[in-house]
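In case you want the letters, here they are:
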Amino acid sequence: MTHPIESSTRTEPVEQLFAELRDRYGLDYSGFARAQLEHRLREAARLEGGLELEAYARRVAQDEGVFSRLQALLSTRADSMFRRPTFFAALREHVVPLLRTYPSARVWVPACSTGLEAYAVAILLREAGIYERTRIYATDADELVLEEARRGVYPSAMLASAARDYQLAGGRSTLDEYVTSEGDFVTMRPVLADRISFAQHHIAAEPSFNEFHLVVCRDVLLQLGPALHARAMSVIDESLARFGVLALGHGETVRGDVDVVSRYRPLVPTERLFRKVVP
Amino acid sequence: MSAAVRASAVPIELVVVGATEADRSSLEVLCWGLPGDFSLPVIVACNGDGDYAASLEVALRSLCPLPVSIAQDKQPIAPRHVYLCPADYHLFVERGWLSLGVTPPVNHARPSVELLFWSASRAYGARLAGVVLSGSGQDGDRARQALGDAGAMSLCQPPHTASEIAARLGELCSPSNERSR
(Lines give C-alpha, C1' and ligand atoms only; values in the text may rest on other atoms or scores of the structure.)
Protein backbone atom coordinates (compact mmCIF):
# COMPACT_ATOMS: atom_id res chain seq x y z
CA MET A 1 0.00 0.00 0.00
CA THR A 2 1.41 3.36 -0.96
CA HIS A 3 0.68 6.55 0.89
CA PRO A 4 0.80 9.54 -1.39
CA ILE A 5 2.61 12.39 0.28
CA GLU A 6 0.88 15.67 -0.40
CA SER A 7 3.20 18.40 -1.53
CA SER A 8 2.00 20.77 1.18
CA THR A 9 3.50 18.64 3.95
CA ARG A 10 6.72 18.20 2.00
CA THR A 11 7.33 21.92 1.55
CA GLU A 12 6.72 23.00 5.12
CA PRO A 13 10.41 23.30 6.13
CA VAL A 14 10.93 25.40 3.01
CA GLU A 15 8.24 27.83 4.14
CA GLN A 16 9.97 28.02 7.47
CA LEU A 17 13.27 28.81 5.75
CA PHE A 18 11.63 31.51 3.61
CA ALA A 19 10.18 33.06 6.76
CA GLU A 20 13.63 33.11 8.42
CA LEU A 21 15.22 34.76 5.39
CA ARG A 22 12.48 37.38 5.21
CA ASP A 23 12.13 38.20 8.90
CA ARG A 24 15.73 38.03 9.96
CA TYR A 25 17.59 39.11 6.85
CA GLY A 26 14.98 41.09 4.87
CA LEU A 27 15.32 38.86 1.82
CA ASP A 28 12.12 38.00 0.02
CA TYR A 29 12.26 34.93 -2.18
CA SER A 30 8.49 34.51 -2.32
CA GLY A 31 8.29 35.55 -6.00
CA PHE A 32 10.93 33.07 -7.16
CA ALA A 33 10.27 29.90 -9.19
CA ARG A 34 9.55 27.56 -6.34
CA ALA A 35 10.83 24.12 -7.35
CA GLN A 36 14.27 25.25 -8.44
CA LEU A 37 14.65 27.49 -5.40
CA GLU A 38 13.71 24.56 -3.17
CA HIS A 39 16.25 22.42 -5.00
CA ARG A 40 18.95 25.02 -4.38
CA LEU A 41 18.03 25.26 -0.71
CA ARG A 42 18.24 21.48 -0.39
CA GLU A 43 21.66 21.57 -2.07
CA ALA A 44 22.79 24.28 0.34
CA ALA A 45 21.56 22.20 3.29
CA ARG A 46 23.42 19.17 1.94
CA LEU A 47 26.64 21.21 1.73
CA GLU A 48 26.28 22.13 5.42
CA GLY A 49 27.01 18.56 6.48
CA GLY A 50 23.97 16.88 4.97
CA LEU A 51 21.36 18.71 7.03
CA GLU A 52 17.64 18.18 6.60
CA LEU A 53 15.84 21.35 5.58
CA GLU A 54 14.20 21.78 8.97
CA ALA A 55 17.51 21.72 10.82
CA TYR A 56 19.06 23.88 8.11
CA ALA A 57 16.36 26.54 8.52
CA ARG A 58 17.29 26.80 12.20
CA ARG A 59 21.01 27.06 11.38
CA VAL A 60 20.38 29.83 8.87
CA ALA A 61 18.51 31.79 11.53
CA GLN A 62 21.23 31.31 14.18
CA ASP A 63 24.48 31.40 12.25
CA GLU A 64 25.41 34.35 10.03
CA GLY A 65 28.18 32.27 8.43
CA VAL A 66 25.65 29.69 7.24
CA PHE A 67 23.43 32.50 6.01
CA SER A 68 26.18 34.25 4.05
CA ARG A 69 27.18 30.97 2.39
CA LEU A 70 23.55 30.52 1.36
CA GLN A 71 23.36 34.05 0.02
CA ALA A 72 26.55 33.54 -2.00
CA LEU A 73 25.20 30.28 -3.40
CA LEU A 74 21.91 31.87 -4.44
CA SER A 75 23.49 34.86 -6.17
CA THR A 76 26.24 32.99 -8.02
CA ARG A 77 25.54 31.48 -11.38
CA ALA A 78 28.25 28.87 -11.77
CA ASP A 79 28.14 28.86 -15.50
CA SER A 80 30.76 28.73 -18.16
CA MET A 81 32.11 31.52 -20.34
CA PHE A 82 30.83 31.47 -23.94
CA ARG A 83 27.92 29.18 -22.97
CA ARG A 84 26.28 28.02 -26.22
CA PRO A 85 28.90 29.14 -28.78
CA THR A 86 26.33 29.35 -31.61
CA PHE A 87 24.79 32.29 -29.72
CA PHE A 88 28.04 34.27 -29.90
CA ALA A 89 28.43 33.42 -33.58
CA ALA A 90 24.90 34.79 -34.20
CA LEU A 91 25.68 37.88 -32.12
CA ARG A 92 28.77 38.55 -34.24
CA GLU A 93 26.97 37.94 -37.52
CA HIS A 94 23.58 39.59 -36.92
CA VAL A 95 23.91 42.06 -34.05
CA VAL A 96 27.40 43.55 -34.39
CA PRO A 97 26.52 45.07 -37.82
CA LEU A 98 23.57 46.85 -36.14
CA LEU A 99 25.66 48.09 -33.21
CA ARG A 100 28.25 49.34 -35.67
CA THR A 101 25.71 51.85 -37.03
CA TYR A 102 25.57 53.77 -33.73
CA PRO A 103 28.26 56.37 -32.98
CA SER A 104 28.31 54.93 -29.47
CA ALA A 105 26.50 51.81 -28.36
CA ARG A 106 25.28 50.83 -24.90
CA VAL A 107 24.97 47.20 -23.84
CA TRP A 108 23.32 45.95 -20.63
CA VAL A 109 24.10 42.62 -18.99
CA PRO A 110 21.62 42.40 -16.07
CA ALA A 111 22.10 39.98 -13.17
CA CYS A 112 25.68 39.48 -14.37
CA SER A 113 26.71 37.47 -11.29
CA THR A 114 30.52 37.06 -11.35
CA GLY A 115 30.78 38.75 -14.74
CA LEU A 116 31.71 35.97 -17.20
CA GLU A 117 28.98 36.87 -19.69
CA ALA A 118 29.99 40.54 -19.65
CA TYR A 119 33.65 39.64 -20.30
CA ALA A 120 32.64 37.30 -23.13
CA VAL A 121 30.59 40.07 -24.78
CA ALA A 122 33.53 42.48 -24.29
CA ILE A 123 35.87 40.06 -26.10
CA LEU A 124 33.45 39.68 -28.97
CA LEU A 125 32.95 43.45 -29.39
CA ARG A 126 36.69 44.04 -29.16
CA GLU A 127 37.38 41.54 -31.93
CA ALA A 128 34.67 43.20 -34.01
CA GLY A 129 36.54 46.50 -33.62
CA ILE A 130 33.69 48.40 -31.96
CA TYR A 131 34.62 48.05 -28.31
CA GLU A 132 36.17 51.53 -28.09
CA ARG A 133 32.81 53.14 -28.80
CA THR A 134 30.75 50.76 -26.69
CA ARG A 135 29.95 50.80 -23.01
CA ILE A 136 28.81 47.65 -21.22
CA TYR A 137 26.75 48.04 -18.06
CA ALA A 138 26.96 44.84 -16.06
CA THR A 139 24.67 44.90 -13.05
CA ASP A 140 23.69 42.63 -10.19
CA ALA A 141 21.68 42.98 -7.00
CA ASP A 142 24.48 41.51 -4.92
CA GLU A 143 27.47 43.76 -4.20
CA LEU A 144 29.63 40.77 -3.21
CA VAL A 145 29.43 39.03 -6.59
CA LEU A 146 29.96 42.40 -8.29
CA GLU A 147 33.22 42.73 -6.38
CA GLU A 148 34.26 39.35 -7.79
CA ALA A 149 33.22 40.44 -11.26
CA ARG A 150 35.35 43.59 -11.00
CA ARG A 151 38.37 41.55 -9.86
CA GLY A 152 37.84 39.18 -12.79
CA VAL A 153 39.59 36.26 -11.13
CA TYR A 154 38.32 32.76 -11.94
CA PRO A 155 39.44 29.18 -11.32
CA SER A 156 41.65 28.02 -14.22
CA ALA A 157 39.53 24.87 -14.54
CA MET A 158 36.91 27.16 -16.08
CA LEU A 159 39.31 28.12 -18.86
CA ALA A 160 39.53 24.76 -20.66
CA SER A 161 35.87 24.56 -21.63
CA ALA A 162 35.73 28.35 -22.14
CA ALA A 163 38.68 28.20 -24.57
CA ARG A 164 36.98 25.47 -26.58
CA ASP A 165 33.66 27.33 -26.66
CA TYR A 166 35.44 30.55 -27.60
CA GLN A 167 36.92 28.79 -30.65
CA LEU A 168 33.54 27.26 -31.54
CA ALA A 169 32.02 30.73 -31.30
CA GLY A 170 34.40 31.85 -34.02
CA GLY A 171 36.90 33.64 -31.78
CA ARG A 172 39.59 35.43 -33.80
CA SER A 173 42.46 34.77 -31.41
CA THR A 174 42.97 32.49 -28.41
CA LEU A 175 41.38 33.01 -25.03
CA ASP A 176 44.86 32.96 -23.45
CA GLU A 177 45.43 36.38 -24.97
CA TYR A 178 42.74 37.84 -22.69
CA VAL A 179 43.82 36.37 -19.39
CA THR A 180 46.89 36.13 -17.20
CA SER A 181 47.44 32.84 -15.37
CA GLU A 182 48.72 32.45 -11.86
CA GLY A 183 48.56 29.12 -10.06
CA ASP A 184 45.03 27.77 -10.08
CA PHE A 185 43.52 31.07 -11.15
CA VAL A 186 43.22 33.21 -14.23
CA THR A 187 42.62 36.96 -14.28
CA MET A 188 40.88 38.88 -17.03
CA ARG A 189 43.20 41.48 -18.55
CA PRO A 190 42.29 45.00 -17.37
CA VAL A 191 41.87 46.17 -20.98
CA LEU A 192 38.67 44.07 -21.14
CA ALA A 193 37.14 45.83 -18.15
CA ASP A 194 37.96 49.28 -19.60
CA ARG A 195 34.54 49.72 -21.09
CA ILE A 196 32.54 47.73 -18.50
CA SER A 197 30.75 49.49 -15.66
CA PHE A 198 29.90 47.03 -12.90
CA ALA A 199 27.09 48.50 -10.81
CA GLN A 200 24.45 47.43 -8.33
CA HIS A 201 20.93 47.08 -9.73
CA HIS A 202 18.15 44.67 -8.84
CA ILE A 203 16.32 43.84 -12.05
CA ALA A 204 13.29 42.37 -10.24
CA ALA A 205 12.89 45.30 -7.84
CA GLU A 206 14.31 48.51 -9.37
CA PRO A 207 13.25 50.62 -12.36
CA SER A 208 15.10 51.12 -15.62
CA PHE A 209 18.23 53.32 -15.30
CA ASN A 210 19.38 53.90 -18.89
CA GLU A 211 18.59 53.15 -22.52
CA PHE A 212 20.41 50.36 -24.32
CA HIS A 213 20.90 49.11 -27.86
CA LEU A 214 21.50 45.54 -26.74
CA VAL A 215 20.41 43.68 -23.61
CA VAL A 216 22.04 40.30 -23.00
CA CYS A 217 19.85 38.56 -20.43
CA ARG A 218 20.41 34.85 -21.01
CA ASP A 219 19.09 32.40 -18.42
CA VAL A 220 18.67 35.16 -15.86
CA LEU A 221 14.89 35.37 -15.56
CA LEU A 222 14.56 31.58 -15.16
CA GLN A 223 14.85 31.77 -11.42
CA LEU A 224 11.94 34.21 -11.09
CA GLY A 225 8.31 33.16 -10.77
CA PRO A 226 5.86 34.30 -13.48
CA ALA A 227 4.84 37.60 -11.83
CA LEU A 228 8.38 38.76 -11.00
CA HIS A 229 9.52 37.57 -14.42
CA ALA A 230 6.90 39.79 -16.08
CA ARG A 231 7.99 42.72 -13.95
CA ALA A 232 11.68 42.25 -14.83
CA MET A 233 10.71 41.92 -18.49
CA SER A 234 8.94 45.29 -18.30
CA VAL A 235 12.11 46.85 -16.90
CA ILE A 236 14.09 45.39 -19.80
CA ASP A 237 11.49 46.65 -22.25
CA GLU A 238 11.67 50.18 -20.81
CA SER A 239 15.45 50.00 -21.08
CA LEU A 240 15.67 48.93 -24.72
CA ALA A 241 15.94 51.58 -27.40
CA ARG A 242 13.55 51.41 -30.33
CA PHE A 243 14.80 48.61 -32.62
CA GLY A 244 17.18 47.48 -29.90
CA VAL A 245 18.11 43.79 -29.58
CA LEU A 246 17.24 41.44 -26.72
CA ALA A 247 19.18 38.22 -26.21
CA LEU A 248 17.56 35.48 -24.11
CA GLY A 249 18.71 31.95 -23.29
CA HIS A 250 17.91 29.22 -25.82
CA GLY A 251 15.22 27.80 -23.51
CA GLU A 252 13.50 31.15 -23.08
CA THR A 253 11.10 33.33 -25.00
CA VAL A 254 9.70 36.83 -24.42
CA ARG A 255 7.07 36.50 -21.67
CA GLY A 256 5.27 39.15 -19.68
CA ASP A 257 2.54 41.74 -20.21
CA VAL A 258 0.76 41.36 -23.54
CA ASP A 259 1.74 44.82 -24.80
CA VAL A 260 5.40 44.17 -23.92
CA VAL A 261 5.45 40.79 -25.67
CA SER A 262 3.80 42.29 -28.77
CA ARG A 263 6.78 44.60 -29.31
CA TYR A 264 9.28 41.79 -29.98
CA ARG A 265 10.03 40.04 -33.27
CA PRO A 266 12.49 37.17 -33.72
CA LEU A 267 15.80 38.30 -35.23
CA VAL A 268 17.59 34.94 -35.01
CA PRO A 269 14.91 32.50 -33.78
CA THR A 270 17.23 29.57 -32.99
CA GLU A 271 19.39 31.75 -30.73
CA ARG A 272 16.49 33.65 -29.17
CA LEU A 273 17.66 37.02 -30.43
CA PHE A 274 14.70 39.44 -30.61
CA ARG A 275 14.28 42.92 -32.01
CA LYS A 276 12.13 45.48 -30.25
CA VAL A 277 9.74 46.86 -32.82
CA VAL A 278 7.67 49.87 -31.89
CA PRO A 279 4.62 50.27 -34.11
CA MET B 1 -0.37 -8.07 -12.02
CA SER B 2 2.57 -5.80 -12.69
CA ALA B 3 4.24 -3.27 -10.49
CA ALA B 4 2.46 -0.65 -12.53
CA VAL B 5 -0.74 -1.21 -10.59
CA ARG B 6 -1.09 1.29 -7.80
CA ALA B 7 -3.00 1.06 -4.61
CA SER B 8 -4.36 4.58 -4.82
CA ALA B 9 -7.00 5.38 -7.39
CA VAL B 10 -6.40 9.07 -8.10
CA PRO B 11 -6.38 9.87 -11.81
CA ILE B 12 -3.01 10.42 -13.48
CA GLU B 13 -2.57 14.00 -14.74
CA LEU B 14 1.01 14.03 -15.98
CA VAL B 15 3.58 11.61 -17.41
CA VAL B 16 7.34 12.12 -17.04
CA VAL B 17 9.96 10.10 -18.93
CA GLY B 18 13.67 9.76 -18.18
CA ALA B 19 16.11 8.55 -20.83
CA THR B 20 19.52 9.02 -22.42
CA GLU B 21 20.78 8.93 -25.97
CA ALA B 22 21.12 5.13 -25.58
CA ASP B 23 17.33 4.87 -25.23
CA ARG B 24 16.62 6.45 -28.62
CA SER B 25 14.78 3.46 -30.10
CA SER B 26 12.82 2.76 -26.89
CA LEU B 27 11.72 6.37 -26.87
CA GLU B 28 10.62 6.06 -30.49
CA VAL B 29 8.66 2.87 -29.74
CA LEU B 30 7.06 4.55 -26.75
CA CYS B 31 5.94 7.63 -28.71
CA TRP B 32 4.83 5.54 -31.66
CA GLY B 33 2.77 3.31 -29.37
CA LEU B 34 0.74 6.08 -27.72
CA PRO B 35 -2.88 6.05 -28.90
CA GLY B 36 -4.08 8.96 -31.02
CA ASP B 37 -6.55 9.99 -28.32
CA PHE B 38 -3.91 10.07 -25.57
CA SER B 39 -4.95 13.04 -23.48
CA LEU B 40 -2.14 13.62 -20.96
CA PRO B 41 0.92 15.84 -21.17
CA VAL B 42 4.25 13.95 -21.41
CA ILE B 43 7.56 15.50 -20.36
CA VAL B 44 10.78 13.84 -21.50
CA ALA B 45 14.27 14.43 -20.09
CA CYS B 46 16.80 12.84 -22.42
CA ASN B 47 20.55 13.38 -22.16
CA GLY B 48 22.78 13.29 -25.19
CA ASP B 49 25.70 15.00 -26.90
CA GLY B 50 25.40 18.58 -28.06
CA ASP B 51 21.92 19.81 -28.85
CA TYR B 52 20.42 16.32 -28.66
CA ALA B 53 16.93 17.61 -27.87
CA ALA B 54 16.78 19.26 -31.31
CA SER B 55 17.50 15.94 -33.11
CA LEU B 56 15.08 14.11 -30.88
CA GLU B 57 12.37 16.65 -31.65
CA VAL B 58 12.74 15.94 -35.38
CA ALA B 59 12.81 12.16 -34.86
CA LEU B 60 9.81 11.97 -32.52
CA ARG B 61 7.65 14.42 -34.46
CA SER B 62 7.61 12.00 -37.38
CA LEU B 63 6.26 9.11 -35.27
CA CYS B 64 4.27 10.49 -32.38
CA PRO B 65 0.50 11.05 -32.68
CA LEU B 66 0.87 13.97 -30.23
CA PRO B 67 2.51 17.32 -30.99
CA VAL B 68 6.19 17.30 -29.90
CA SER B 69 8.17 20.41 -28.98
CA ILE B 70 11.13 21.57 -26.92
CA ALA B 71 10.00 23.01 -23.60
CA GLN B 72 10.40 26.72 -22.90
CA ASP B 73 10.75 28.39 -19.56
CA LYS B 74 7.38 29.24 -17.91
CA GLN B 75 5.44 27.47 -20.61
CA PRO B 76 1.99 26.33 -19.46
CA ILE B 77 1.57 22.52 -19.51
CA ALA B 78 -1.04 21.69 -22.17
CA PRO B 79 -2.81 18.32 -22.45
CA ARG B 80 -1.89 15.82 -25.21
CA HIS B 81 1.51 17.31 -25.87
CA VAL B 82 5.06 15.91 -25.61
CA TYR B 83 7.63 18.32 -24.15
CA LEU B 84 11.36 17.65 -24.47
CA CYS B 85 13.82 19.21 -22.01
CA PRO B 86 16.12 21.55 -23.95
CA ALA B 87 19.84 20.73 -23.96
CA ASP B 88 21.90 21.97 -21.02
CA TYR B 89 18.99 22.99 -18.78
CA HIS B 90 17.29 21.31 -15.86
CA LEU B 91 13.54 21.11 -16.21
CA PHE B 92 11.50 21.66 -13.05
CA VAL B 93 7.77 20.99 -13.08
CA GLU B 94 5.53 23.42 -11.24
CA ARG B 95 1.78 22.79 -10.94
CA GLY B 96 0.56 23.63 -14.47
CA TRP B 97 3.78 25.10 -15.88
CA LEU B 98 7.38 24.35 -16.75
CA SER B 99 10.41 26.03 -15.24
CA LEU B 100 13.94 25.76 -16.64
CA GLY B 101 17.08 26.14 -14.54
CA VAL B 102 20.84 26.32 -15.02
CA THR B 103 21.87 25.09 -11.59
CA PRO B 104 24.85 22.69 -11.68
CA PRO B 105 24.43 19.17 -13.13
CA VAL B 106 22.93 16.50 -10.86
CA ASN B 107 24.31 12.94 -11.18
CA HIS B 108 26.58 14.45 -13.88
CA ALA B 109 23.47 15.19 -15.93
CA ARG B 110 21.72 18.34 -17.14
CA PRO B 111 18.87 17.84 -17.72
CA SER B 112 18.71 15.52 -14.73
CA VAL B 113 16.00 12.87 -14.73
CA GLU B 114 16.10 12.91 -10.93
CA LEU B 115 15.29 16.64 -10.77
CA LEU B 116 12.50 16.33 -13.33
CA PHE B 117 10.91 13.47 -11.38
CA TRP B 118 11.50 15.07 -7.98
CA SER B 119 9.88 18.36 -9.01
CA ALA B 120 7.00 16.62 -10.81
CA SER B 121 6.36 14.45 -7.74
CA ARG B 122 6.45 17.54 -5.58
CA ALA B 123 3.80 19.23 -7.75
CA TYR B 124 1.63 16.25 -8.74
CA GLY B 125 2.20 13.59 -6.04
CA ALA B 126 0.21 10.43 -6.78
CA ARG B 127 -1.26 12.09 -9.89
CA LEU B 128 2.03 11.46 -11.65
CA ALA B 129 3.20 8.52 -13.74
CA GLY B 130 6.95 8.15 -14.28
CA VAL B 131 8.71 6.13 -16.96
CA VAL B 132 12.42 5.37 -16.53
CA LEU B 133 14.12 3.85 -19.57
CA SER B 134 17.09 1.57 -19.10
CA GLY B 135 19.86 3.95 -20.18
CA SER B 136 19.46 6.55 -17.46
CA GLY B 137 21.70 4.82 -14.87
CA GLN B 138 22.13 6.32 -11.42
CA ASP B 139 20.16 9.42 -12.40
CA GLY B 140 17.25 7.12 -13.31
CA ASP B 141 17.56 5.08 -10.11
CA ARG B 142 17.22 8.22 -8.03
CA ALA B 143 14.30 9.31 -10.19
CA ARG B 144 12.53 6.03 -9.39
CA GLN B 145 13.13 6.72 -5.73
CA ALA B 146 11.41 10.11 -6.06
CA LEU B 147 8.39 8.42 -7.64
CA GLY B 148 8.22 5.91 -4.81
CA ASP B 149 8.45 8.62 -2.15
CA ALA B 150 5.52 10.48 -3.71
CA GLY B 151 3.35 7.41 -4.23
CA ALA B 152 3.40 8.10 -7.95
CA MET B 153 2.92 5.44 -10.60
CA SER B 154 6.15 3.88 -11.79
CA LEU B 155 6.61 2.19 -15.17
CA CYS B 156 10.17 1.17 -15.77
CA GLN B 157 12.28 -0.61 -18.34
CA PRO B 158 13.12 -3.28 -17.26
CA PRO B 159 10.88 -5.09 -16.34
CA HIS B 160 8.55 -3.57 -18.93
CA THR B 161 9.35 -3.15 -22.59
CA ALA B 162 8.79 0.20 -24.28
CA SER B 163 5.73 -1.08 -26.13
CA GLU B 164 4.21 -2.46 -22.91
CA ILE B 165 4.75 0.91 -21.28
CA ALA B 166 3.06 2.69 -24.19
CA ALA B 167 0.09 0.30 -23.93
CA ARG B 168 -0.16 0.78 -20.17
CA LEU B 169 -0.07 4.57 -20.56
CA GLY B 170 -2.74 4.26 -23.24
CA GLU B 171 -5.00 2.46 -20.77
CA LEU B 172 -4.78 5.44 -18.43
CA CYS B 173 -6.74 7.44 -20.97
CA SER B 174 -9.08 4.67 -22.10
CA PRO B 175 -12.86 5.25 -21.73
CA SER B 176 -13.18 2.78 -18.82
CA ASN B 177 -10.56 4.70 -16.89
CA GLU B 178 -12.09 8.04 -17.82
CA ARG B 179 -15.45 6.91 -16.42
CA SER B 180 -13.97 6.15 -13.03
CA ARG B 181 -12.78 9.76 -12.67
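The preceding data block contains the structure.
Residues numbered from 1 in each chain as written. Chains lettered and ligands numbered in written order. Predicted model: local features only at pLDDT ≥ 70, side-chain atom pairs only at ≥ 80, totals over all residues. Heavy atoms only, no water.

A. The arrangement of the interface of chain B and chain A in detail. Of the residues lining the interface, 32 residues belong to chain B; the matching set on chain A comes to 34 residues. For the chain B and chain A pair, buried surface summed over both sides reaches about 2700 Å², with 54% attributable to carbon and sulfur atoms. Ranking the residues of chain B by area buried against chain A places B:Lys74, B:Trp118 and B:Arg122 at the top, with a combined share of 25%. The tally of links from chain B across to chain A stands at three salt bridges. The closest approach of N and O atoms between B:Asp51 and A:Arg84, which form a salt bridge, is 3.5 Å. Across the contact surface, chain B and chain A share 17 residue pairs in polar contact (both at pLDDT 80 or more). Within the residue set of the side of chain B that touches chain A, elements represented by two or more residues are strand S5 (90–94), strand S6 (97–101), helix H3 (113–124) and helix H4 (137–150) of chain B. Considering only residue class, the side of chain B that touches chain A consists of 15 nonpolar, eight polar and nine charged. (Contact = heavy atoms within 4.5 Å. Buried area = accessible area lost by both parts, 1.4 Å probe. Salt bridge = Lys/Arg side-chain N within 4 Å of Asp/Glu carboxyl O. Polar contact = N/O pair within 3.5 Å; in protein donor to acceptor, adjacent residues only side chain to side chain. Helix = DSSP H or I, 4+ residues; strand = E, 2+ residues; numbered from the N terminus. Nonpolar A, V, L, I, M, F, W, Y, C, P; charged D, E, K, R; others polar.)

B. Region of the structure containing helix H1 (residues 24–33) of chain B. All names here are of chain B. For H1, the complete set of buried residues consists of Ser26, Leu27, Leu30 and Cys31. With its buried residues spanning 130 degrees around the axis, H1 presents them on a single face. Looking at the packing, one finds that the buried side of H1 touches strand S1 (14–20), strand S2 (42–47), helix H2 (52–61), strand S7 (128–132) and helix H5 (162–172). (Buried < 20%, exposed > 50% of the residue type's maximum accessible area, 1.4 Å probe, protein only. Arc of directions from axis to C-beta.)

C. Up close: the pairing of S5(B). Residue and element names in this part refer to chain B. Of all five residues in S5, five are buried; the element is thus mostly enclosed. Side chains His90, Phe92 and Glu94 project from S5 onto one buried face, and the interleaved Leu91 and Val93 project onto a second face that is buried too. Pairing of S5 with S6, which is carried by five bridges, proceeds in the antiparallel orientation. Bridge assignment links Phe92 to a residue of S6, and that residue is Ser99. What sits between S5 and S6 in their antiparallel hairpin is a turn of two residues, with Gly96 showing a positive phi close to 90 degrees. (Pairing = 2+ DSSP bridges.)

D. Looking closely at the packing of aromatic side chains. According to the stated counting rule, one finds 13 aromatic pairs over all chains in the structure shown. Each ring, one from A:Tyr166 and one from A:Tyr178, has its centre 6.3 Å from the other, and the planes form 70 degrees; the classification is edge-to-face. With A:Tyr166 in helix H9 (residues 157–168) and A:Tyr178 in the loop between H9 and strand S4 (179–182), the pair connects residues that are twelve residues apart, well separated along the chain. Grouping residues by exposure puts A:Tyr166 and A:Tyr178 together as buried. Through successive ring pairs, a cluster of aromatic residues spans A:Phe82, A:Phe87, A:Phe88, A:Tyr166 and A:Tyr178. A cation over a ring is seen here: A:Arg83 above B:Tyr89, with NZ or CZ 4.9 Å from the ring centre. For the cation-ring pair, B:Arg95 lies above B:Tyr124, with the distance from its terminal atom to the ring centre recorded as 4.5 Å. (Phe/Tyr/Trp six-rings, centres within 6.5 Å; stacked < 30°, edge-to-face > 60°. Lys NZ or Arg CZ within 6 Å of the ring centre and 35° of its normal.)

E. Structural view of the sheet that holds S7(B). All names here are of chain B. Across the sheet, which stays open at both edges, the six strands sit in the order S3-S4-S2-S1-S7-S8 with parallel pairing between neighbours. The sheet terminates laterally at strand S3 (68–70) and strand S8 (153–156), the two strands that pair on one side only. Neighbour to neighbour, the strand axes of the sheet diverge by 20 degrees on average, direction disregarded. Pairing geometry for S1 and S2, over six bridges, is parallel. Pairing of Val16 across the sheet is with Ile43, part of S2. Lying on the sheet, H1 is in contact with S1, S2 and S7; it crosses S1 at an angle near 155 degrees. Sitting on the sheet, H5 touches S1, S7 and S8, and the angle it makes with S8 is about 155 degrees. (Axes fitted to C-alpha atoms, helices over the stretch in contact; angles between N-to-C directions.)

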